[in-house]
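Okay, here's what each chain looks like letter by letter:
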Amino acid sequence: MPMDLERLRRQLLEEREKLLSQLEHKAPPPQSNIGLGNHMADDATEAFEQAKRVSLTRREQEILAKIEKALKKMDEGTYGYCERCGEPIDYARLKAIPYATLCLRCQKKIEQGM
Ligand SMILES: [Zn+2]
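Note that the structure is a prediction, hence the values are computed from the model and not measured.

What counts and what doesn't
- Residues numbered from 1 in each chain as written.
- Predicted model: local features only at pLDDT ≥ 70, side-chain atom pairs only at ≥ 80, totals over all residues.
- Heavy atoms only, no water.
- Helix = DSSP H or I, 4+ residues; strand = E, 2+ residues; numbered from the N terminus.
- Buried < 20%, exposed > 50% of the residue type's maximum accessible area, 1.4 Å probe, protein only.
- Contact = heavy atoms within 4.5 Å.
- Areas by Shrake-Rupley, 256 points an atom, 1.4 Å probe, with all protein chains shown as cover.
- Donors = N, O, S within 2.8 Å, 3.2 Å for Na, K, Ca; no water.
- Tetrahedral: all angles 85-135°; square planar, octahedral: opposite > 155°, others 65-115°.
- 1 Å grid on protein atoms, 1.4 Å probe; cavity = no way out; pocket = protein on both sides within 12 Å on 5 of 7 lines; lining within 4 Å.
- Points joined across faces, edges and corners; volume = space filled by probe spheres on them.
- Nonpolar A, V, L, I, M, F, W, Y, C, P; charged D, E, K, R; others polar.
- Core = buried A, V, L, I, M, F, W, Y, C linked by side-chain atoms within 4.5 Å.
- Salt bridge = Lys/Arg side-chain N within 4 Å of Asp/Glu carboxyl O.

Caption draft 1: The overall build of the protein chain, seen in detail. Within the protein chain, the secondary structure is distributed over five helices and zero strands. Of the regular secondary structure in the protein chain, the N- to C-terminal order runs α-α-α-α-α. Every one of the 114 residues in the protein chain was classed for burial, and the buried ones make up 28%. Restricting the contact set of the protein chain to residue pairs at least 6 apart, pairs at least 24 apart contribute 57%. Of the accessible surface of the protein chain, which amounts to about 8,200 Å², a share of 51% is contributed by carbon and sulfur atoms.

This is how it looks when you write it as structure tokens:
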């Protein structure tokens, strides 16, 4: 049975949304003239860029980067393969962690320092 890529893509996008909305909560108060004029979108982007620099924990940054990478791989058609051994990653694993870049076996080896 082929992987349900659309479903995984949705999961990735949702996960990304979740991370980004956490950022909004953590974002420092806007510094200047936000709310003036009709540039809400620009302001929001700016606030986000600022938050990204200031408030993302290392782990969140890593996950966000992995999500972006996974989405890019989907576009390239290389999504779902282990970066270490090249074998397809278990669909069940991808459903649990759609941004996984390693198969379970390699992940375990790395965790054990092998
Ligand atoms: Zn592997």
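Caption draft 2: Structural context of the coordination of the zinc ion. At the metal site, the zinc ion is ligated by Cys82 (SG), Cys85 (SG), Cys103 (SG) and Cys106 (SG), and these contacts range over 2.2 to 2.3 Å. Around the zinc ion sit four donor atoms, and with donor-metal-donor angles ranging over 105 to 114° the site reads as tetrahedral. Donor residues binding the zinc ion come from one chain and are separated in sequence as C-x2-C-x17-C-x2-C. Linking Cys85 in the loop between α3 (58–76) and α4 (91–96) with Cys106 in helix α5 (residues 104–111), this pair joins segments that are 21 residues apart in sequence.

Caption draft 3: Quick look at empty space enclosed by the protein. As enumerated under the stated definition, the model contains one cavity of 30 Å³ or more in all. Contributing to the lining of the largest cavity are Lys69, Ala70, Lys73, Tyr79, Gly80, Tyr81, Ile89, Tyr99, Ala100 and Thr101. A breakdown of the residues in the lining of the largest cavity according to their chemical character gives six nonpolar, two polar and two charged.

Caption draft 4: Local environment of the nonpolar core. Counting residues in hydrophobic clusters, the biggest one holds 21 residues, and the most contacted among them are Leu8, Leu12, Ile67, Tyr79, Cys82, Leu94 and Tyr99. Listing elements by their share of this core, those giving two or more residues are α1 (5–26), α3 and α4. Leu12 has contacts with Ile67, Ala70, Leu71, Met74, Pro98 and Tyr99, leaving out every residue within four places of it along the chain.

Caption draft 5: Quick look at the environment of Thr57. Looking at where Thr57 falls in the secondary structure, it is placed in the loop between α2 (40–55) and α3. Counting along the chain gives 34 residues from Thr57 to Leu23, while the straight-line C-alpha distance between them is 9.8 Å.

Caption draft 6: Structural detail: the pattern of salt bridges. Throughout the structure, instances matching the rule amount to eight salt bridges. Among the ionic pairs, Glu6 bridges to Arg9, the shortest N-O distance being 3.6 Å. Pair noted here: Glu6 and Arg9 are both in helix α1, with a separation of three residues, about one helical turn. The salt bridge partner of Glu83 is Lys69, with a shortest N-O separation of 3.0 Å. On the criterion of sequence distance, the pair formed by Glu83 in the loop between α3 and α4 and Lys69 in helix α3 is long-range, its members being 14 residues apart. Each of the salt bridges in this network shares a partner with another, and the network as a whole consists of Glu6, Arg9 and Asp75.

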